[in-house]
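# Structural description and commentary
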Amino acid sequence: MNPITIRQAVLTDLDALVPLFNCYRQFYGCVNDLTAAREFLKARFQHGESVLFLASDEDNPLGFTQLYPSFSSISLARTFILNDLFVAPAGRRQGIATRLLAAAADYARNINAVRLSLSTEITNETAQALYQSAGWQQDEQFLVYHLKL
C-alpha cells in the first residue's frame, strides 16, 4: 500500500479534483455534471477564491477539502469557511478526512486566521462525530439563517 499524501492543490490538479468534486455534489443530491464541476473549480483557482487540499495515494485521488476565505469584523481577522470535505469510498476508514481537516487547520493557523467554520446536515451523524473528534465544537451561541435568492 502506498502512503497517502495531503497537499495544497493547484490548477494542474484539476483533472484529479473534478471527479471527487462531482461525487461530493452527487452525495448532496446534485446531478452528475463533470463539465459544471470542472468550470466551477477552475474559476475558483483562476480567481483565487478558494484553497483546496487534495489527498492521494500516489496518482490516485482519494479526497479533498475546500476552504473559502472570509473575515470577522469583530475579530478584525481572516476566517475560513470549510465548505466541502469528501473522501471517495476507496479511501474511507483510513484517516483521510481527519488529515484533510488538520491540513486545513494548519493552513489557516499559518496565515493567522482566527477561525474555521463549517456546517453539515443535521442527519449526518458520521460527519458530526468526525468533527467533534477533531476538536470542532458546535455553535451554541448563534443561529444561522439563509435568504434564498
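The coordinates are above.
Take the pattern of salt bridges next. Using the criterion set out here, one finds four salt bridges in the structure. A salt bridge links Asp13 to Arg7, with the nearest nitrogen and oxygen atoms 2.6 Å apart. Among the residues examined, Arg7 registers a relative accessible area of 36% and is labelled partly exposed.

A large share of strand S2 (residues 51-57) lies buried, amounting to seven of its seven residues. Because side chains alternate across S2, one face comprises the buried residues Val51, Phe53, Ala55 and Asp57, and the other comprises Leu52, Leu54 and Ser56, equally buried. Relative to strand S3 (residues 60-72), S2 is paired through seven bridges, and the arrangement is antiparallel. Bridge pairing links Asp57 to Asn60 in S3. Taking the residues that link successive antiparallel strands as the turn, the S2-S3 hairpin has two residues, and the phi of Glu58 there is positive, at about 60°.

Between its first and last C-alpha atoms helix H2 (residues 34-47) spans 20 Å; for 14 residues at 1.5 Å apiece the expected length is 20 Å, and the two agree. Taken residue by residue, H2 has Ala37, Leu41, Ala43, Arg44 and Phe45 as its buried positions. Tucked into the core, H2 has its buried residues touching helix H1 (14-27), S2 and S3. Where H2 begins, the side chain of Asp33 points an oxygen toward the backbone nitrogen of Thr35, at a separation of 3.3 Å. Phi turns positive one or two residues past the end of H2, at Gly48, with a value near 60°.

This part covers the environment of Val114. Its location among the elements puts Val114 in the loop between helix H3 (96-110) and strand S5 (115-117). Sequence separation between Val114 and Ala77 is 37 residues, and the spatial gap between their C-alpha atoms is 6.4 Å.

Inspection of the entire model under this criterion finds ten aromatic pairs. Ring centres of Phe21 and Tyr24 lie 6.3 Å apart, and the angle between their planes is 25°; on these two criteria the pair is classed as stacked. Taken together, the residues Phe21 and Tyr24, both in helix H1 and three residues apart, mark about one turn of the helix. Looking at Phe21, the relative accessible area reads 5%, which means it is buried. On the basis of relative accessibility, which here comes to 11%, the residue Tyr24 falls in the buried class. Taking 6.2 Å as the distance between ring centres and 50° as the angle between the ring planes, the aromatic pair formed by Tyr131 and Trp136 counts as tilted. The class for Tyr131 is buried, based on a relative accessible area of 11%. We classify Trp136 as buried; its relative accessible area is 18%. Each residue in the set Phe21, Tyr24, Phe27, Tyr28, Phe40, Phe64 and Phe86 is aromatic and connected to the rest through ring pairs, giving one cluster. Over the face of the ring belonging to Phe40 we find Arg44, whose NZ or CZ atom lies 4.4 Å from the ring centre.

So, how was this worked out
- Residues numbered from 1 in each chain as written.
- Predicted model: local features only at pLDDT ≥ 70, side-chain atom pairs only at ≥ 80, totals over all residues.
- Heavy atoms only, no water.
- Salt bridge = Lys/Arg side-chain N within 4 Å of Asp/Glu carboxyl O.
- Buried < 20%, exposed > 50% of the residue type's maximum accessible area, 1.4 Å probe, protein only.
- Helix = DSSP H or I, 4+ residues; strand = E, 2+ residues; numbered from the N terminus.
- Pairing = 2+ DSSP bridges.
- Expected span 1.5 Å × (residues − 1).
- Contact = heavy atoms within 4.5 Å.
- Polar contact = N/O pair within 3.5 Å; in protein donor to acceptor, adjacent residues only side chain to side chain.
- Phe/Tyr/Trp six-rings, centres within 6.5 Å; stacked < 30°, edge-to-face > 60°.
- Lys NZ or Arg CZ within 6 Å of the ring centre and 35° of its normal.

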